[in-house]
Amino acid sequence: MDTADYPEPLPKGWHKTFYTLWIGCFITGMGYSMTMPFISLFINELGNFNRFELNIYSGLAFAMTFISQAIVSPYWGSLADQKGRKLMCLRASGVMACTIFITGLSTSVWMIIGMRFLQGAFSGYINNATALMAGETPHRKSGWVMSAMMTAGVTGNLIGPLVGGALSSKFGYRIPFFITGGLMFLVFIATWVNTKEHFTPIDKEEMKPMKDLLHTIPNVKIIFAMFITTLIVQASVMSIDPIVSLYVKEMMHGKGDIAFVAGVVAATPGLGNLLSASKVGHIMDEVGPEKVLMVGLIVATILFIPMTFTTSPWMLAFWRFLLGLTNAGLMPAAQTILTLDVPDEAFGRIFSYNQSFQAAGSVFGALLGSLISGISTYSMVFALTGATLFINIWIVLACRSRKQA
């Protein structure tokens, strides 16, 4: 690359930092999706559980990571402003390497739940890697680099269920945890050795209290509406994840290569997201994030209707693929609206709060999906998830009308 093309000075070593962090985000996304779609099947091997118990334990295993993440995200956001993003990446990858590997050694469901809670308390590799690159990238390359960083995790989430399904079918459900733990240790080493951060710390005394920052935001109701949107959209994704392999098993009547088919069903939203993300981004630039968010919420709500009534795992995979195409615009639109209404000095903490709402959505969705499927049917989970998205449409419409007024 010719540095003469860029008028601003290029941070030294940014290419190596970018490639290292991209691979780290890819492995993080792949490792999560290699293990989590099959954790309910793993739990089923650890005890003699009835249907209700299995669904509740699966929901808890999913939710615990996000409960702890929701609690500690604001703390890590403030610490990153003081100490830098590289340290946060090392913290996340190092602890994840240990907790995921130990999860594979679990002898009880409570050991899995405990490790998931600890993992969530120290998570955040992808968010901090993206923030690190935002500060290290030459301005005229920032758009391409940020898009590439987003595709890293999405690509990992797409490949992970397929790899995890194949490994689980052949070697058992523990092996993907061992492999993921080892890969995350390599991510820790690579991040330590190959990345550089040109960081100017902010003194704790100079940071304004969050209460004072909120008074500087002209449309505070918009901010809280986007927090709620983030929560509901994330809940709509996570309500399905804990029970998708169990639902596939039920539709296949317990016969055939259940883990592989469940992996395909789990992967299809990621494929749709990957294929449409770039196009949706360009559309958002042209028509605005609020229109993209509204259309996406309406289409997503409609798609949950056929998913409620499907009896074939392959049709479920098809509808989830279409949902992935739609979801590509939901979270980015909400985040873009935040960037338009939040002053620069409030970015770090506002987005850390948004991450907390995202984690809370994961908790709410996982527990709701597990509880409803435990006391009713798996298809009822899809119906109620669609209903929550319909409520989200009403909230955004109400917020828009107040803003226009």
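Residues numbered from 1 in each chain as written. Predicted model: local features only at pLDDT ≥ 70, side-chain atom pairs only at ≥ 80, totals over all residues. Heavy atoms only, no water.

**Some remarks on the confidence of the model for the protein**
Now for step 1: For the protein, per-residue confidence averages 81 on the pLDDT scale, and residues scoring 70 or more make up 84% of the total.
Now for step 2: When pLDDT is averaged over each helix and strand of the protein, the minimum, 66, is found for helix α9 (residues 210-215) and the maximum, 94, for helix α8 (residues 175-194).
Now for step 3: In this model residues 1-10 is a low-confidence stretch, pLDDT under 50, and it forms 14 contacts with partners more than four residues away in sequence or in other chains. (pLDDT = per-residue confidence, 0-100. Helix = DSSP H or I, 4+ residues; strand = E, 2+ residues; numbered from the N terminus. Contact = heavy atoms within 4.5 Å.)

**Some thoughts on the packing of aromatic side chains**
Now for step 1: Enumeration according to the criterion identifies 15 aromatic pairs in this entry.
Now for step 2: The interplanar angle of 65 degrees and the centroid separation of 5.1 Å between the aromatic rings of Phe-318 and Trp-319 together place this pair among those described as edge-to-face.
Now for step 3: Taken together, the aromatic side chains of Tyr-247, Phe-304, Tyr-378 and Phe-382 make up a single cluster linked through ring pairs.
Now for step 4: The side chain of Arg-91 reaches across the aromatic face of Trp-76, ending 3.9 Å from its centre. (Phe/Tyr/Trp six-rings, centres within 6.5 Å; stacked < 30°, edge-to-face > 60°. Lys NZ or Arg CZ within 6 Å of the ring centre and 35° of its normal.)

**A word on the side chain of Ser-236**
Now for step 1: The residue Ser-236 is located in helix α10 (residues 220-238) in this model.
Now for step 2: A polar atom in the side chain of Ser-236 sits 2.5 Å from the backbone oxygen of Val-233.
Now for step 3: Setting aside residues no more than four positions away along its own chain, Ser-236 makes contact with Phe-304, Thr-385 and Leu-389. (Polar contact = N/O pair within 3.5 Å; in protein donor to acceptor, adjacent residues only side chain to side chain.)

**Section: unusual backbone geometry**
The general pattern is negative phi for most residues beyond glycine and trans for most peptide bonds.
Now for step 1: With a phi angle near 55 degrees, His-253 is a residue other than glycine that sits in the positive phi range.
Now for step 2: Position of His-253 among the secondary structure elements: in the loop between α11 (244-251) and α12 (258-287).
Now for step 3: The class for His-253 is exposed, based on a relative accessible area of 66%. (Buried < 20%, exposed > 50% of the residue type's maximum accessible area, 1.4 Å probe, protein only.)

**Here's the deal with the side chain of Arg-116**
Now for step 1: Assignment of secondary structure puts Arg-116 in helix α5 (residues 109-121).
Now for step 2: Its relative accessible area of 2% is what places Arg-116 among the buried residues.
Now for step 3: Of note is the side chain of Arg-116, whose polar atom sits 2.8 Å from the backbone oxygen of Ala-61.
Now for step 4: If we ignore the near neighbours within four places in the chain, the residues touching Arg-116 are Tyr-32, Met-36, Ile-39, Ala-61, Phe-62, Met-64, Thr-65 and Phe-66.

**Quick notes on a nonpolar patch on the surface**
Now for step 1: A surface patch of nonpolar side chains, amounting to about 540 Å² of accessible area, comprises Phe-185, Leu-186, Ile-189, Trp-192 and Val-193.
Now for step 2: Tracing the chain through its elements places Ile-189 in helix α8. (Patch = residues over 30% accessible without salt bridge, like charges linked within 9 Å, V, L, I, M, F, W, Y side chains within 5 Å. Areas by Shrake-Rupley, 256 points an atom, 1.4 Å probe, with all protein chains shown as cover. Salt bridge = Lys/Arg side-chain N within 4 Å of Asp/Glu carboxyl O.)

**Regarding α5**
Now for step 1: In this model, α5 (13 residues) spans 19 Å end to end at C-alpha, consistent with the 18 Å of a helix rising 1.5 Å per residue.
Now for step 2: Along α5, the residues classified as buried are Val-109, Ile-112, Ile-113, Met-115, Arg-116, Gln-119, Gly-120 and Ala-121.
Now for step 3: Among the structural elements, α1 (14-35), α2 (39-44), α3 (51-83) and α4 (85-104) are those in contact with the buried residues of α5. (Expected span 1.5 Å × (residues − 1).)

**Regarding the nonpolar core**
Now for step 1: Judged by nonpolar contacts, the single largest core of 96 residues is most densely connected at Ile-39, Ile-43, Tyr-125, Met-226, Leu-293 and Leu-297.
Now for step 2: If near-sequence neighbours (up to four positions away) are discounted, Leu-297 is found in contact with Val-233, Leu-330, Leu-389, Asn-392, Ile-393 and Val-396. (Core = buried A, V, L, I, M, F, W, Y, C linked by side-chain atoms within 4.5 Å.)

**Comments concerning helix α13 (residues 289-309)**
Now for step 1: For α13, spanning 21 residues, the distance from its first C-alpha to its last is 32 Å, which sits close to the expected 30 Å at 1.5 Å a residue.
Now for step 2: The complete set of buried residues in α13 reads Pro-289, Val-292, Leu-293, Met-294, Gly-296, Leu-297, Ala-300, Thr-301, Leu-303, Phe-304, Met-307 and Thr-308.

**Here's the deal with the environment of Gly-369**
Now for step 1: With respect to the helices, strands and loops of the structure, Gly-369 is situated in helix α16 (residues 347-375).
Now for step 2: With 310 residues separating them in the primary sequence, Gly-369 and Gly-59 have C-alpha atoms 7.3 Å apart.
Now for step 3: When residues no more than four places from it in sequence are discounted, the contact partners of Gly-369 are Ser-239, Ile-243 and Val-381.

**Remarks on the packing of α13 against helix α14 (residues 313-327)**
Now for step 1: Running from N to C, α13 and α14 point in directions that differ by 175 degrees, and their axes come no closer than 9 Å. Comparing their axes, α14 and α13 come out roughly antiparallel. In this structure, α13 uses Gly-296, Val-299, Ala-300, Leu-303, Phe-304, Pro-306 and Met-307 to contact α14, whose residues at the interface are Leu-316, Trp-319, Arg-320, Leu-322, Leu-323, Thr-326 and Asn-327.
Now for step 2: Its residues assigned to classes, the contact of α13 with α14 comprises 10 nonpolar, 3 polar and 1 charged. (Axes fitted to C-alpha atoms, helices over the stretch in contact; angles between N-to-C directions. Parallel < 35°, antiparallel > 145°, perpendicular 65-115°, else oblique. Nonpolar A, V, L, I, M, F, W, Y, C, P; charged D, E, K, R; others polar.)

**Quick notes on the packing of α3 against α4**
Now for step 1: Viewed as axis vectors pointing N to C, α3 and α4 meet at an angle of 130 degrees, and their least axial separation amounts to 7 Å. By the angle between their axes, α3 is oblique relative to α4. Together, Trp-76, Leu-79, Ala-80, Asp-81 and Lys-83 of α3 and Arg-85, Leu-87, Met-88 and Arg-91 of α4 make up the contact between the two elements.
Now for step 2: The residue makeup of the contact of α3 with α4, split by class, is 5 nonpolar, no polar and 4 charged.

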